[in-house]
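# Structural characterization, general
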Amino acid sequence: LYDSIVEAYADAFQQMMPYMLLKLLCDKPLSADDEIFLFMKRNRQNIEQNVLRDSRMVQKLKAKNIASLKNLLNITENDTEANIILEFYAGGQIGLMTYWLQHFDEITEAELFTLMQRLILQGPMTVLQEKIPQEVFDDLRQKVQPLKIDVFSIDTTASNVMKK
């Protein structure tokens, strides 16, 4: 029974996520009464308990989403860069969905959609930089130093690891 419930959610998400991407890319409005948000609100508890807390399910959901997007966007298996981008996108989508389901009183659907659109079209670091006060950003630039790791000083022999 559990597997069939999980599979039903995976199928629903597989239909919704490419739809959401297309709306984002085409600058079409997504409203609070759009089916994707209604579905997530109606099934919030089940999604949190049965889908997002099960790492196997999250991986299955991500894989189905990626497969659907590859088909939609005509991306082949040997297009490494496109496949990496889809992995990044699908992981971010699941992260946003998880956050919203756990904190949906803190952000409206319209605000979430606007943020998703900015993250997808501008990139997460560009959007994050807007949130960092300039003096903090300038201070961080001053602190960046070349990283020096002496890999030869790391003892990974089994005898030393066991002693610790």
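Think of each chain on its own: its residues are numbered from 1, step by step along the sequence as written. Given that the model is predicted, a residue must reach a pLDDT of at least 70 before its local features are reported, and side-chain atom pairs must reach 80 or more before they are shown or counted; all residues, however, enter totals for whole chains, interfaces and linings. Neither water nor hydrogens contribute to the side-chain values; these are computed over all heavy atoms in the structure.

### Notes on the overall build of the protein chain
Secondary structure summary: the protein chain contains nine helices and zero strands in total. Its helices and strands taken in sequence order, the protein chain reads α-α-α-α-α-α-α-α-α from the N to the C terminus. Burial analysis of the protein chain (164 residues in total) assigns 34% to the buried set. Only carbon and sulfur atoms are counted for the fraction: they give 57% of the accessible area of the protein chain, which is about 11200 Å². The helix and strand labels rest on DSSP assignments: H or I over at least four residues marks a helix, E over at least two residues marks a strand, and numbering proceeds from the N terminus. Only protein chains enter the area calculation, which uses a 1.4 Å probe; residues under 20% of their type maximum are buried, those over 50% are exposed, and those in between are partly exposed. Only the protein chains shown count as cover for residues, and the accessible areas themselves come from Shrake-Rupley with a 1.4 Å probe.

### Looking at a nonpolar patch on the surface
A surface patch of nonpolar side chains, about 230 Å² in accessible area, is lined by Leu22, Leu72 and Leu73. Locating leucine 72 in the fold gives a position in helix α4 (residues 55-73). Take leucine 72: its relative accessible area is 40%, and that puts it in the partly exposed class. Put simply, a patch holds well-exposed residues, over 30% relative accessible area, that have no salt bridge, with like charges counted together within 9 Å and Val, Leu, Ile, Met, Phe, Trp or Tyr side chains within 5 Å. Here, a salt bridge means any Lys or Arg side-chain nitrogen found within 4 Å of an Asp or Glu carboxyl oxygen.

### Description of the pattern of salt bridges
The tally for this structure, following the rule as stated, stands at five salt bridges. Between aspartate 138 and arginine 141 there is a salt bridge, with the nearest N and O atoms lying 3.9 Å from each other. Taken together, the residues aspartate 138 and arginine 141, both in helix α8 (residues 134-143) and three residues apart, mark about one turn of the helix. According to the relative accessible area criterion, aspartate 138 is partly exposed, its value standing at 34%. Judged by its relative accessible area of 53%, arginine 141 falls in the exposed class. Ionic pairing is found between aspartate 139 and lysine 143, a salt bridge with its closest N-O pair at 3.2 Å. A residue pair is termed a helical-turn pair when its members lie 3 or 4 positions apart in one helix, as aspartate 139 and lysine 143 do in helix α8 at four residues.

Don't take any of this as a statement about function, it's just geometry.
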